[in-house]
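Listed below, chain by chain, are the residues.
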Amino acid sequence: LKLKEHNISQKQKSNRYLRVSDIRKVHDLNVKVYDELKTDSSYDIELFKSRINESLSYDDETSDFIFMTPKLPSEMSREGAVLGNCVKTYIERVLRNETQIVFLRDRKAPTEPLVVFEVNTRNEVCQLEGKSRRSATLEESNALRKYMKKKKLACTIEHRLVAEPIIKPPKKKKKIEVVEVVA
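First things first, this report covers the structure right here in the doc. (Residues numbered from 1 in each chain as written. Predicted model: local features only at pLDDT ≥ 70, side-chain atom pairs only at ≥ 80, totals over all residues. Heavy atoms only, no water.)

## A few points about the nonpolar core
Note on soluble globular proteins: their nonpolar side chains tend to be buried together. Ranked by size, the top nonpolar core spans 20 residues in total, and within it Phe67, Phe117, Leu128, Leu144 and Tyr147 carry the most contacts. The element that contributes the greatest number of residues to this core is helix α6 (residues 138-151), accounting for four residues. Counting residues in each nonpolar core, the second largest holds 14 residues, with Ile52, Met76, Phe103 and Val116 among its members. (Core = buried A, V, L, I, M, F, W, Y, C linked by side-chain atoms within 4.5 Å. Buried < 20%, exposed > 50% of the residue type's maximum accessible area, 1.4 Å probe, protein only. Helix = DSSP H or I, 4+ residues; strand = E, 2+ residues; numbered from the N terminus.)

## Looking at the packing of aromatic side chains
The final tally for this structure, using the stated rule, is five aromatic pairs. Ring plane angle 75° and centroid distance 6.1 Å describe the contact between Phe67 and Phe117, whose orientation is recorded as edge-to-face. With Phe67 in strand β1 (residues 65-68) and Phe117 in strand β3 (residues 115-120), this pair connects stretches of sequence that are 50 residues apart. Neither Phe67 nor Phe117 differs from the other in exposure class; each is buried. When the centroid spacing of 4.1 Å and the interplanar angle of 15° are considered together, the rings of Phe67 and Tyr147 count as stacked. One end of the pair, Phe67, is in strand β1; the other, Tyr147, is in helix α6, and 80 residues separate them in sequence. There is no split in this pair, since Phe67 and Tyr147 are both buried. By the ring-pair criterion, three or more aromatic residues cluster together here, those being Tyr58, Phe67, Phe117 and Tyr147. (Phe/Tyr/Trp six-rings, centres within 6.5 Å; stacked < 30°, edge-to-face > 60°.)

## Things to note about the environment of Leu138
Within the secondary structure, Leu138 sits in helix α6. On the basis of relative accessible area, Leu138 is assigned to the partly exposed category, the value being 24%. Once the C-alpha coordinates of Leu138 and Ala163 are considered, the two residues, 25 residues apart in sequence, prove to be 6.8 Å apart.

## Quick notes on the pattern of salt bridges
A full pass over the atoms with the stated rule returns 12 salt bridges. Where Glu118 meets Arg93, a salt bridge forms, and the shortest distance between an N and an O atom there is 3.3 Å. Here Glu118, found in strand β3, pairs with Arg93, found in helix α5 (residues 91-95); they are 25 residues apart in sequence, far enough to count as distant. Look at the salt bridges and you will find they share partners, linking Arg93, Arg96, Glu98 and Glu118 into a network. (Salt bridge = Lys/Arg side-chain N within 4 Å of Asp/Glu carboxyl O.)

The values are spatial; any link to function lies outside them.
What follows is the structure in structure tokens.
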């Protein structure tokens, strides 16, 4: 695939460091070009189905969330379009057996994209994206930690998960005993 050249000014070319916003613009442009070049019908559906690790799907009845693996490349395309991320570009990596993609969904709306994450070949959760690149909420983070423990997965993205708030117990007030002194 030959991607279109990006418009980067001379000033940016001479600068050794790009700003994060520049990197995001280039990334987003690459995703747009990729979308133009690759359609869902250009993928081998049977090969895709054979590459999906169904054991990564998980439905704990006590949880507010469901973990689902995509059944078709079009599901990954839709997920990326709704969440505004580049998960569609991972279809070929799934086909090459280089990674797995898992959808985290709200039990009350199991067809609506919420969070998508990647599990690499070392059984590590290594990427996570919600809508517009948001991190996981506290509830999602807790569900994901429980899921990772159940599936025996490591985590390389702890910074994208919300920690339990640290609530310090209130300090006990010291009781001051008043003693009457009689002289």
